[in-house]
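For reference, the chains in residue letters:
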Amino acid sequence: MNNKDKMNILKNIILIKFLTFVFFTTFINNKLYAHELWLEPDYNNKNNYINIMIGQNFNGTPFGFSNSEVKQLFLENKNDLQKINQRDGNFPAIQIDIDVNKFNIINYETNYSFLEYDTYDDFEKFIKEQNFSHLIENIDKKKIPTENYKRFSKMLISNSNNFFLQKNNLDYEVVALNSPFDRRNEYFEFRVMEGNKPIKNFQVTIFSKDDDNFYKDYVKTNPNGEGKIRLFENRSYLISAVTVKKASLLEKLKLKSEWISHWASMTFYLNYN
């Protein structure tokens with residue numbers, strides 16, 4: 001690699017980090033606190049290019065790849081795991097050869113990120129949106145909340161009817177129980193897992209969109225932690241499961257925050273070619 005190539009890579013990294021800073025600053029100043037992260041095909045490039053998106057309501061901004069943000073990134077098919085190594089500043093973020101004749105799952109886990117809210121009201125709004133109002137019944141509303149959050153994101157990719165049941169590889173995750181790409185399946189079925197335990201009676205948000213419309217629905221998991229949604233052709237889907245808890249004493253000492261949230265997402269695109 002010559003000096004010119006090295007300089008171009010360095011410029012790309014600086015640009016990506018600057019855009020990331022601007023994006024998060026904009027969201028914080030507007031009190032939106034965009035925790036949501038998902039994986040999305042980059043339609044301007046070949047199929048093996050994937051964006052890391054951050055935003056709300058299935059509407060976001062793509063970001064370049066940063067190794068400092070990633071705890072693990074791997075591709076899985078037939079429960080064979082392939083670690084994905086990416087270069088800082090990659091844009092689109094994830095660039096990998098994928099055999100779409102197989103059922104593939106890209107798994108992406110971030111490190112913890114720290115957030116201090118501007119006001120208690122912003123935190124309360126977030127808690128109520130996620131259906132955790134009971135957590136704030138007896139807290140000090142004069143104290144500005146702090147939070148550490150982590151994302152666990154998956155994307156399903158396939159042009160075939162192949163399917164395998166994924167093993168639990170993440171601390172918090174949505175697991176596919178059938179293939180949304182198999183046209184024989186009228187419904188997509190999934191399970192929400194924390195560790196090796198299913199989360200029962202839990203609210204999951206289902207975002208979907210087509211060329212003309214955006215949809216937002218809610219599904220509650222059954223006693224086995226399972227839920228299902230009806231599938232429509234030429235629609236993109238984002239399944240979002242968020243859990244919030246007060247930090248334990250040891251977690252407070254380690255993470256320096258009072259609250260911890262985990263965000264699991266799963267995306268698939270039925271118009272993906």
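Values in this document were obtained by computation on a predicted structure and should not be read as measured data.

**Some details on the overall build of the protein chain**
The number of helices and strands found in the protein chain is three helices and 17 strands. For the protein chain, the residues scored as buried account for 49% of the 273 residues in total. Summarising the internal contacts of the protein chain: among those between residues at least 6 apart in sequence, 66% fall at separations of at least 24. About 14400 Å² of surface is accessible on the protein chain, with carbon and sulfur atoms providing 46% of the total.

**Focus on the pairing of strand 7 (residues 104-110)**
On a regular strand, each side chain points to the face opposite its neighbour's, so the side chains alternate between the two faces of the sheet. Burial analysis of strand 7 places seven of its seven residues in the buried class, the great majority of the element. Of the two faces of strand 7, both are covered, the one formed by Asn104, Ile106, Tyr108 and Thr110 as well as the one formed by Ile105, Asn107 and Glu109. Here six bridges tie strand 4 (residues 70-77) to strand 7, and the two strands are oriented antiparallel to one another. Looking across to strand 7, one finds that glutamate 76 is bridged to isoleucine 105. Here strand 7 runs beside strand 9 (residues 146-157); their pairing, made up of six bridges, is antiparallel. Considered in strand 9, the bridge of isoleucine 106 is made with methionine 155.

**As for unusual backbone geometry**
Between phenylalanine 91 and proline 92 the backbone carries a cis peptide bond, its omega angle lying at 0°. The topology assignment puts proline 92 in the loop between strand 5 (80-83) and strand 6 (94-95). At asparagine 57, a residue that is not glycine, the phi angle is positive and equals roughly 55°. Residue placement: asparagine 57 occurs in the loop between strand 2 (49-56) and strand 3 (59-63). For asparagine 201, which is not glycine, the phi dihedral falls at a positive 50°.

**Remarks on the environment of lysine 200**
Structurally, lysine 200 can be placed in the loop between strand 12 (197-198) and strand 13 (203-209). When the C-alpha atoms of lysine 200 and proline 223 are compared, they prove to be 4.6 Å apart, with 23 residues separating the residues in sequence. Leaving out residues up to four positions away in the same chain, lysine 200 has contacts with Thr221, Asn222, Pro223 and Gly225.

**As for the environment of leucine 255**
Within the secondary structure layout, leucine 255 lies in helix 3 (residues 249-255). Given the relative accessible area of 17%, leucine 255 is considered buried. Each C-alpha atom, one on leucine 255 and one on asparagine 148, is 7.0 Å from the other, the two residues being 107 residues apart in sequence. Every residue in contact with leucine 255, bar those within four places of it in the chain, is listed here: Tyr112, Phe114, Asn148 and Ile260.

**Digging into the pattern of salt bridges**
Scanning all chains against the criterion turns up 11 salt bridges. One salt bridge connects lysine 154 with glutamate 173, and the closest N-O pair in it is separated by 2.7 Å. With lysine 154 in strand 9 and glutamate 173 in strand 10 (residues 172-176), this residue pair connects regions lying 19 residues apart in the sequence. Residue lysine 154 is classed as buried on the basis of its relative accessible area, which comes to 1%. Taking relative accessible area as the criterion, glutamate 173 reaches 0% and is therefore assigned buried.

**Digging into the nonpolar core**
If you look at the biggest cluster of nonpolar residues, it comprises 41 residues, and the most contacted ones within it are Phe123, Leu156, Phe188, Phe190, Ile229, Ile239 and Phe268. Secondary-structure elements contributing two or more residues to this core are helix 2 (120-129), strand 9, strand 10, strand 11 (187-194), strand 13, strand 16 (236-246) and strand 17 (259-269). Apart from residues no more than four positions distant in its own chain, phenylalanine 190 is found in contact with Val174, Val175, Leu177, Val204, Ile206, Val219, Gly225, Glu226, Gly227, Lys228, Ile229 and Ile239. Counting residues in hydrophobic clusters, the runner-up holds 26 residues, among them Ile84, Ile94, Ile96 and Phe207.

Calculation criteria
- Residues numbered from 1 in each chain as written.
- Predicted model: local features only at pLDDT ≥ 70, side-chain atom pairs only at ≥ 80, totals over all residues.
- Heavy atoms only, no water.
- Helix = DSSP H or I, 4+ residues; strand = E, 2+ residues; numbered from the N terminus.
- Buried < 20%, exposed > 50% of the residue type's maximum accessible area, 1.4 Å probe, protein only.
- Contact = heavy atoms within 4.5 Å.
- Areas by Shrake-Rupley, 256 points an atom, 1.4 Å probe, with all protein chains shown as cover.
- Pairing = 2+ DSSP bridges.
- Salt bridge = Lys/Arg side-chain N within 4 Å of Asp/Glu carboxyl O.
- Core = buried A, V, L, I, M, F, W, Y, C linked by side-chain atoms within 4.5 Å.

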